[in-house]
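# Geometric and topological summary
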Amino acid sequence: MPYSTSESADAVVLTPPTSPTAAVIWLHGLGADGFDFVPIVEELRLPASLPVKFVFPHATPRPVTINNGYVMRAWYDIKGFGPERAEDDAGIRESEGVVKKYIEQQIAQGIPADKIVIAGFSQGGAIAFQAGLRYPQRLAGLMALSTYLPLRSTVAQEASAANRDVPILMCHGAYDPVVQLQMGEASRDVLQSLGYRIEWRTYPMEHSVCMEEVVEISRWLQARLA
């Protein structure tokens, strides 16, 4: 399906040739930008009968502690490694607010919340969790790629009742050296213990995306957005 591409200082937007009936807001990883996942859209091979708009926001540049304070596009600061590290609560919640604005923008343009998927890779996936689990209207689904659940101790208290049974797809590389598989598995287990439905997939890869995963993403999106 041919898409038209528009760019701004804040995001890259791919619009289908017919009026979109659904949207995917897809968040990039640390140090990348909204262009990072644009090429995957054509590889999804979505049918013309499912006109989906793709929104790829750019994170705001900020200093990142683990990279010696170097300023790069990041959804929040990363202060250290490992499950017990301190988290950037303020930065995570700031980016949650950014995603909420993008959701509300799509709703204002005629796409209902229950036809909107929030997706993200790595750090972007963490924000997809943060925003999607707390959004007050029912969403179509959350897609979390090579990522983990941030601020996990607050989820039970802050989770939106509307999205308590939202479909969630989690994909992870078995050999991921950046966000290790155990972090993804632990996040999955926390969510399942809270009653969330998780479709869990692993692939023989590192911190990346593979073609087999793209096929699964396409299947899942079509099931959620049709």
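Described below are features of the structure shown in this document. What you see is a predicted model, and the numbers here were worked out from it, not measured in a lab. (Residues numbered from 1 in each chain as written. Predicted model: local features only at pLDDT ≥ 70, side-chain atom pairs only at ≥ 80, totals over all residues. Heavy atoms only, no water.)

So, about the nonpolar core. Judged by nonpolar contacts, the single largest core of 46 residues is most densely connected at Ile118, Phe129, Leu133, Leu139 and Ile168. Sequence-distant contacts of phenylalanine 129, defined by excluding residues within four places in its chain, comprise Arg134, Leu142, Ala144, Thr147, Tyr148, Leu149, Pro150, Ile168, Met170 and Leu191. Core analysis: the second largest hydrophobic core is formed by 31 residues, Val12, Ile40, Val117 and Tyr203 among them. (Core = buried A, V, L, I, M, F, W, Y, C linked by side-chain atoms within 4.5 Å. Buried < 20%, exposed > 50% of the residue type's maximum accessible area, 1.4 Å probe, protein only. Contact = heavy atoms within 4.5 Å.)

All right, on to the pattern of salt bridges then. On inspection of all chains with the given rule, the structure shows 12 salt bridges. Notably, a salt bridge pairs arginine 62 with glutamate 94, separated by 3.5 Å at the nearest N-O pair. In this pair, arginine 62 sits in strand S5 (residues 61-64) while glutamate 94 sits in helix H2 (residues 89-108), placing the two residues 32 residues apart along the sequence. Across the pair glutamate 158 and arginine 93 runs a salt bridge whose closest N-O atoms are separated by 2.9 Å. Here the residue glutamate 158 occupies a position in helix H4 (residues 155-158), and arginine 93 occupies one in helix H2, the gap between them amounting to 65 residues. Using a relative accessible area of 28% as the deciding quantity, one classes glutamate 158 as partly exposed. (Salt bridge = Lys/Arg side-chain N within 4 Å of Asp/Glu carboxyl O. Helix = DSSP H or I, 4+ residues; strand = E, 2+ residues; numbered from the N terminus.)

As a further point, take empty space enclosed by the protein. Throughout the structure, instances matching the rule amount to one cavity of 30 Å³ or more. A volume near 40 Å³ is recorded for the largest cavity. Every residue along the wall of the largest cavity is listed here: Tyr76, Asp77, Ile78, Lys79, Arg85, Ala86, Glu87, Asp88, Ile92 and Tyr148. Classifying every residue of the lining of the largest cavity by side-chain character gives five nonpolar, no polar and five charged. (1 Å grid on protein atoms, 1.4 Å probe; cavity = no way out; pocket = protein on both sides within 12 Å on 5 of 7 lines; lining within 4 Å. Points joined across faces, edges and corners; volume = space filled by probe spheres on them. Nonpolar A, V, L, I, M, F, W, Y, C, P; charged D, E, K, R; others polar.)

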